[in-house]
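Given next are the chains, with one letter for each unit.
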Amino acid sequence: MSIVKINVLTVPAEQREVLEKRFASRAGTVESADGFEWFELLRPLEGTDDYLVYTRWRSEEDFQAWMEGPMKAAHQGGGQAGGEGAPKHKPAATGSTVWSFEVVQQAAPKQG
């Protein structure tokens, strides 16, 4: 079965829009990674400032390959905006924790 990685990002209220825009602009970057299965950005509704970045992968090895390749390259230079000499962005999140899970059961809606 697959593995799930959830990146828990603590995002102050005034940075929420910034975070969501940055994720919207990255659309398509993880989708072509070998072993990638799913992505969701989850916005908190109440009681927390934590966003959840949910990704599902075929294997831990596929996730690690993406982390060491495309993801690392995309984040090189501390979130540099647009190449050489471009201004760097301040991180929108004030904290980050990654949770790892193995999928042991799953279900999908029944087909008509």
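The name an unreviewed UniProt entry gives the protein is Antibiotic biosynthesis monooxygenase family protein, with Streptomyces abikoensis as the organism.

Enquirer: When you look at the environment of valine 4 in this model, what are you seeing that I'm missing?
Expert: Assignment of secondary structure puts valine 4 in strand S1 (residues 3–10). Judged by its relative accessible area of 6%, valine 4 falls in the buried class. Valine 4 sits 96 residues away from serine 100 along the chain, and the two C-alpha atoms are 5.9 Å apart. Among residues more than four places away in sequence, those in contact with valine 4 are Tyr54, Thr55, Arg56, Trp99, Ser100, Phe101 and Val103.

Enquirer: Looking at this structure, how should I read the pattern of salt bridges?
Expert: It is possible for side chains of opposite charge to pair when their charged atoms get near one another. This structure, assessed with the given rule, holds six salt bridges. Notably, a salt bridge pairs glutamate 60 with lysine 5, separated by 2.9 Å at the nearest N-O pair. Linking glutamate 60 in helix H2 (residues 60–79) with lysine 5 in strand S1, this pair joins segments that are 55 residues apart in sequence. Exposure remark for glutamate 60: the relative accessible area of 30% places this residue in the partly exposed category. With relative accessibility at 6%, the residue lysine 5 sits in the buried group. Of the charged contacts, one joins lysine 21 and glutamate 17 as a salt bridge, the two residues approaching to 3.0 Å between their closest N and O atoms. Remark: glutamate 17 and lysine 21 occur in helix H1 (residues 16–25); sequence separation between them is four residues, near one turn of the helix. Exposure remark for lysine 21: the relative accessible area of 54% places this residue in the exposed category.

The rules behind the values
Per chain, the residues get numbers from 1 upward, laid out in the order the sequence is written. In keeping with the model being predicted, local features are shown solely for residues with a pLDDT of at least 70 and side-chain atom pairs are shown and tallied solely at 80 or more, while totals for entire chains, interfaces and linings include all residues. Think of the side-chain values as coming from all heavy atoms in the structure, minus any hydrogens and water. Numbering of helices and strands runs from the N terminus, with a helix taken as a DSSP run of H or I at least four residues long and a strand as a DSSP run of E at least two residues long. The buried label goes to any residue with under 20% of its type's maximum accessible area, the exposed label to any with over 50%, and the partly exposed label to all in between, with areas taken from a 1.4 Å probe on protein chains only. Only heavy atoms enter the contact rule, under which two residues are in contact if any of them lie within 4.5 Å. Each reported salt bridge corresponds to a side-chain nitrogen of Lys or Arg within 4 Å of a carboxyl oxygen of Asp or Glu.

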